[in-house]
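Analysis of the macromolecular model
Spelled out, the chains give:
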Amino acid sequence: KAGVTQTPRYLIKTRGQQVTLSCSPISGHRSVSWYQQTPGQGLQFLFEYFSETQRNKGNFPGRFSGRQFSNSRSEMNVSTLELGDSALYLCASSFVPSGQGGYEQYFGPGTRLTVT
Amino acid sequence: DAKTTQPNSMESNEEEPVHLPCNHSTISGTDYIHWYRQLPSQGPEYVIHGLTSNVNNRMASLAIAEDRKSSTLILHRATLRDAAVYYCILGGSQGNLIFGKGTKLSVKP
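To keep things clear, this report deals only with the structure shown in the data block. For clarity, every value in this text was computed on a predicted model and none was experimentally measured. The residue numbering used here restarts from 1 in each chain and proceeds along that chain's sequence as written. Just so you know, chain letters begin at A and ligand numbers begin at 1, following the order they were written in. This being a predicted model, a pLDDT of at least 70 is required before a residue's local features are given, and a value of 80 or more before pairs of side-chain atoms are given or counted; all residues contribute to the totals for chains, interfaces and linings. Calculated side-chain values reflect all of the structure's heavy atoms, with hydrogen atoms and water omitted.

1. A look at the overall build of chain A
- Within chain A, the regular secondary structure consists of 0 helices and 11 strands.
- Runs of H or I in DSSP of at least four residues are treated as helices and runs of E of at least two as strands, each being numbered from the N terminus. Starting at the N terminus, the α and β elements of chain A follow one another as β-β-β-β-β-β-β-β-β-β-β.
- Taken against the 2.2 N^0.38 rule, which gives 13 Å for 116 residues, the C-alpha radius of gyration of chain A at 13 Å falls within 12% of a compact globule.
- For each residue, the accessible area found with a 1.4 Å probe, counting protein chains only, is set against the maximum for its type, and the residue is called buried under 20%, exposed over 50%, and partly exposed in between. Within the span of chain A, comprising 116 residues, buried residues form 51% of the whole.
- Here, residues are in contact when the closest pair of their heavy atoms is within 4.5 Å. Expressed as a percentage of contacts within chain A between residues at least 6 apart in sequence, the contacts between residues at least 24 apart total 56%.
- For chain A, the distance from the average site of its 11 positive side-chain charges to the average site of its 6 negative ones is 4 Å. Each radius of gyration reported is based on C-alpha atoms, and the globular scaling rule is 2.2 Å times the count of residues to the power 0.38. Counted as positive: Lys and Arg. Counted as negative: Asp and Glu. His and the chain ends are not counted at all. Here the site of a charge means atom NZ of a Lys, CZ of an Arg, CG of an Asp or CD of a Glu.

2. As for the packing of aromatic side chains
- Within 6.5 Å between ring centres, the rings of Phe, Tyr and Trp (the latter by its six-membered ring) count as paired, and their orientation is classed by plane angle as stacked under 30 degrees, edge-to-face over 60, tilted in between. If you walk through the whole model with that rule in mind, you get 11 aromatic pairs over all chains.
- Summarising the aromatic geometry, the rings of Tyr-35 of chain A and Phe-99 of chain B are spaced 5.7 Å apart at their centres and angled 85° between planes, so their arrangement reads as edge-to-face. One end of the pair, Tyr-35 of chain A, is in strand β4 (residues 31–38); the other, Phe-99 of chain B, is in the loop between β8 (84–91) and β9 (103–108), on a second chain.
- Using a relative accessible area of 0% as the deciding quantity, one classes Tyr-35 of chain A as buried.
- Given a relative accessible area of 8%, Phe-99 of chain B falls into the buried group.
- With a centroid separation of 5.2 Å and an interplanar angle of 65°, the aromatic rings of Phe-60 of chain A and Phe-64 of chain A are classed as edge-to-face.
- With relative accessibility at 14%, the residue Phe-60 of chain A sits in the buried group.

3. Concerning the sheet that holds strand β3 (residues 19–24) of chain A
All names here are of chain A.
- As summarised here, the arrangement of the 4 strands in space is β1-β3-β8-β7, forming an open sheet in which the pairing is antiparallel. At either end of the open sheet lies a strand with only one pairing partner, and these are β1 (5–7) and β7 (64–68). The average angle at which neighbouring strand axes cross in this sheet is 20°, direction not considered. Paired strands, in this sense, are two strands between which DSSP finds at least two bridges. Structural elements are reduced to axes, namely lines fitted to C-alpha atoms, with helices fitted over the stretch in contact, and the angle between N-to-C directions of any two is expressed from 0 to 180 degrees.

4. Concerning the pairing of β7 of chain A
Residues and elements named next belong to chain A.
- Alignment of β7 against strand β8 (residues 74–78), held across 5 bridges, turns out to be antiparallel. The partner of Arg-67 across the bridge, within β8, is Glu-75.
- Counting the residues between successive antiparallel strands, the hairpin from β7 to β8 contains 5 residues, one of them, Ser-72, with a positive phi of roughly 75°.

5. Brief notes about unusual backbone geometry
Residues and elements named next belong to chain A.
- In this model, Thr-7 is joined to Pro-8 through a cis peptide bond whose omega is -10°.
- Looking at the element boundaries, Pro-8 is found in the loop between β1 and β2 (10–13).
- Unusually for a residue other than glycine, Glu-52 sits at a positive phi of about 70°.
- Within the secondary structure, Glu-52 is located in the loop between β5 (42–50) and β6 (53–57).

So, in structure tokens, the structure goes:
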């Protein structure tokens, strides 16, 4: 079974631009979560989608948004990029949504975003 | 959100067992204990999870204290490929996983 895939793997953008990252979950998984990882803040939860609905949202500004399609693929968008948005963006999928206790999340390799 | 406390780093010798501790004194009755690890330049990888009883899988064992205020991840025979940051996370009705700083495990040949 193919794992979680994320595209692109690397991205360089300029401050003020916007960016869209894509995530394809493991086949059959309907929950997709997004995380931001930086050296200073570690892994921080952005949001989770399950069956095209946002279930949870982390403490990030409204410039960070996401959506999920009927095939469970998900995209996240960051508008008006700032230098501090440079990070590794990770996507994780699971069969059941969070809040059901013992669920397993499977992470993709991440998209490395550099904002200059 | 319930928090976990882990040592910043640990060292192990190859082919020896490793016991990675985690304290979670404010755990609630519905919180599962999850362990993930992150190898260099990779996304986190699921290791194991449990609620009350000890758990075993092909990667590791999870020993949970009777009062559930602490747990230990056991790698039975460390290999160089086990060098990673190990995260102990509580997850339950709150929903999403909240990652802490984790324990950086070094394995010496």
